[in-house]
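Architecture at a glance
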Amino acid sequence: MNTETTVQFVISPSTTPTPHDQITASIANPVFGRVFTDHMATVRWTNTLGWHDAKIEARRPFQIDPACAVLHYAQEIFEGMKAYRGEDGSISLFRPFENARRFRASAARMSMAELPEALFVGAVDALVKVDQDWVPGGDGSLYLRPFMFASESFLGVRSSNEYVFCVIASPVGPYFKAGKSAVTVWVSDQYTRAAPGGTGAAKCGGNYAASLIAQTEAAAKGCDQVVFLDAAEHKWIEELGGMNVFFVMDDGSLRTPPLSGTILPGITRASIIDLARQEGITVSEEPYAFETWQADAISGRVKEAFACGTAAVVTAIGEVRHAAGEFKIGHGGEGPVTQRIRTTLTGIQRGKIADPFGWSHHVA
Ligand SMILES: *Cc1c(COP(=O)(O)O)cnc(C)c1O
């Protein structure tokens, strides 16, 4: 049986790599999540062998049995992270051990095998190195999608005895349409994302499956994203479908809902809190009622609001729509505090400004 430190990645480069001019063309203006690099990383787990068979190989389809457990009971978790190219051409990741730690926590919640953190980061590092030509410069980045699914062929309802961990990579540009300075959000009055005791704090595919109907409703209302309220009282702001949310108050403080177990603990969220506190800005992690948000936006007590996450980084919320009406935040565009936080965070991620917390992880 392999222990965590002895697993080595066997690298079998693709025999049909994408020609260099084609890579240059496809990373110049990528659509989110449609173009993929040449390789993938995989590691397997079985209850008898533990973690084994770590490899980097040409990206290819999985062959799975129709009885494969994930297809029936949705034991699946994932992560989202990015590799950035600095102005000197070097490539780095942002706090990858935080993703590795969260991945373990998600696995524990979903009753799946826990991948050692060093193996998680080792897989991501190895894949980025092999596919480093795919990391765009400028505003782009290489989005990395580590994920794991139950791969045992068995229809009994219990946790699987076999898992496949995999990392794929996709060059990306901005998540929201270029030139859009703020998004419009829909506050779902009918659907909730997570309940106390449920899986809200785990990054599992099932949470997204359950949120898509609300996202469809939001799109029908002309909105970009959904804001979910708590399941128990339908009163407190929790988060967006895939992003955490912050409010900028008129006294300069920041406010964000607390990690109550029903919110995904975002690494972007945690980083913004650390950066703000370091600058002497007060950050309160207190429950915030939707009705109060509306009253505060109208009175001017809330100056700005923004969503944050790896994919969309920091995105201003300009307008809020709900069943009983709509309201604007500030002047409806990106405010100065949101802009400054975005510039600082992306500056650290891309090595343009000092990294006071040592968050950047050098890959190549
Ligand atoms: C991934 C995710 C976030 C953001 O997490 P980051 O680590 O900042 O990328 C927020 N909410 C949900 C539901 C998520 O899945």
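Residues numbered from 1 in each chain as written. Predicted model: local features only at pLDDT ≥ 70, side-chain atom pairs only at ≥ 80, totals over all residues. Heavy atoms only, no water.

**Description of the overall build of the protein chain**
Scanning the protein chain from terminus to terminus reveals 8 helices and 18 strands. Expected size for 364 residues packed as a compact globule is a radius of gyration near 21 Å; at 21 Å, the protein chain falls within 12% of this value. Based on the C-alpha atoms only, the size of the protein chain along its principal axes is roughly 60 × 50 × 35 Å. A burial count over the protein chain gives 52% of its 364 residues as buried. Contacts spanning at least 24 positions in sequence make up 71% of the contacts within the protein chain whose residues lie at least 6 apart. Split by element, the accessible area of the protein chain, about 16000 Å² in all, is 52% carbon and sulfur. Here the protein chain contributes 32 positive and 39 negative side-chain charges, whose respective centroids are spaced 2 Å apart. (Helix = DSSP H or I, 4+ residues; strand = E, 2+ residues; numbered from the N terminus. Rg over C-alpha atoms; globule rule 2.2 N^0.38 Å. Buried < 20%, exposed > 50% of the residue type's maximum accessible area, 1.4 Å probe, protein only. Contact = heavy atoms within 4.5 Å. Areas by Shrake-Rupley, 256 points an atom, 1.4 Å probe, with all protein chains shown as cover. Lys, Arg positive; Asp, Glu negative; His and termini not counted. Charge placed at Lys NZ, Arg CZ, Asp CG, Glu CD.)

**A word on unusual backbone geometry**
Excluding glycine, most residues fall at negative phi; most peptide bonds, likewise, are trans. The phi torsion at Ala74 lies on the positive side, around 60°, for a residue other than glycine. Among the structural elements, Ala74 can be located in the loop between helix H2 (70-73) and strand E4 (76-78). The class of Ala74 is partly exposed, set by a relative accessible area of 38%. A positive phi angle, close to 60°, is found at Ser111, a residue other than glycine. Locating Ser111 in the fold gives a position in the loop between helix H3 (96-109) and helix H4 (117-130).

**A closer look at the pattern of salt bridges**
Taken as a whole and assessed by the stated rule, the structure comprises 15 salt bridges. Of the charged contacts in the structure, one is a salt bridge between Glu239 and Arg193, with a shortest N-O distance of 3.0 Å. In this pair, Glu239 is assigned in strand E11 (residues 237-240) and Arg193 in the loop between strand E9 (182-187) and helix H5 (205-220), connecting sequence segments 46 residues apart. Arg193 carries the same exposure label as Glu239, and that label is buried. Taken together, the shared-partner salt bridges in this structure form one network comprising Arg44, Asp53 and Lys55. (Salt bridge = Lys/Arg side-chain N within 4 Å of Asp/Glu carboxyl O.)

**Brief notes about the pairing of strand E15 (residues 302-309)**
Both faces of the sheet carry side chains from a regular strand, because those side chains alternate between them. The buried fraction of E15 amounts to 7 of the 8 residues, a majority that puts the element mostly inside the structure. Examined bridge by bridge, strand E12 (residues 244-249) and E15 share 6 bridges and lie antiparallel to one another. Along E15, the bridge assignment pairs Phe246 with Phe306. Between E15 and strand E16 (residues 313-322), which follow one another and run antiparallel, lie 3 residues. (Pairing = 2+ DSSP bridges.)

**Structural notes on a nonpolar patch on the surface**
Together, Phe62, Ile64 and Leu71 give the surface a local cluster of nonpolar side chains, amounting to about 260 Å² of exposed area. Mapping Ile64 onto the fold places it in the loop between strand E3 (50-58) and H2. The class of Ile64 is partly exposed, set by a relative accessible area of 40%. (Patch = residues over 30% accessible without salt bridge, like charges linked within 9 Å, V, L, I, M, F, W, Y side chains within 5 Å.)

**Quick word on the packing of H3 against H4**
The N-to-C vectors of H3 and H4 enclose an angle of 125°; their axes lie 9 Å apart at closest approach. Here H3 is positioned oblique relative to H4, judged by the angle of their axes. The hand of the H3/H4 crossing is right-handed. Taken together, the residues of H4 that come into contact with H3 (itself represented by Pro96, Phe97, Asn99, Ala100, Arg101, Phe103 and Arg104) are Glu117, Ala118, Phe120 and Val121. Among the residues forming the contact of H3 with H4, the class breakdown is 7 nonpolar, 1 polar and 3 charged. (Axes fitted to C-alpha atoms, helices over the stretch in contact; angles between N-to-C directions. Parallel < 35°, antiparallel > 145°, perpendicular 65-115°, else oblique. Left-handed = near helix turned anticlockwise from the far one by under 90°. Nonpolar A, V, L, I, M, F, W, Y, C, P; charged D, E, K, R; others polar.)

**Observations concerning the domain arrangement of the protein chain**
The domain boundaries assigned to the protein chain delineate domain 1 (10-172) and domain 2 (182-349). With 19 residues of domain 1 in contact, the opposing surface of domain 2 contributes 21 residues. Interface of domain 1 and domain 2: buried area, both sides summed, is about 1600 Å²; carbon and sulfur atoms make up 61% of it. It is Phe78, Phe94 and Arg102 in domain 1 that bury the most area against domain 2; as a group they hold 36% of the surface buried on that side. Put simply, domain 1 and domain 2 have 0 salt bridges between them. (Domains from an automatic or database assignment. Buried area = accessible area lost by both parts, 1.4 Å probe.)

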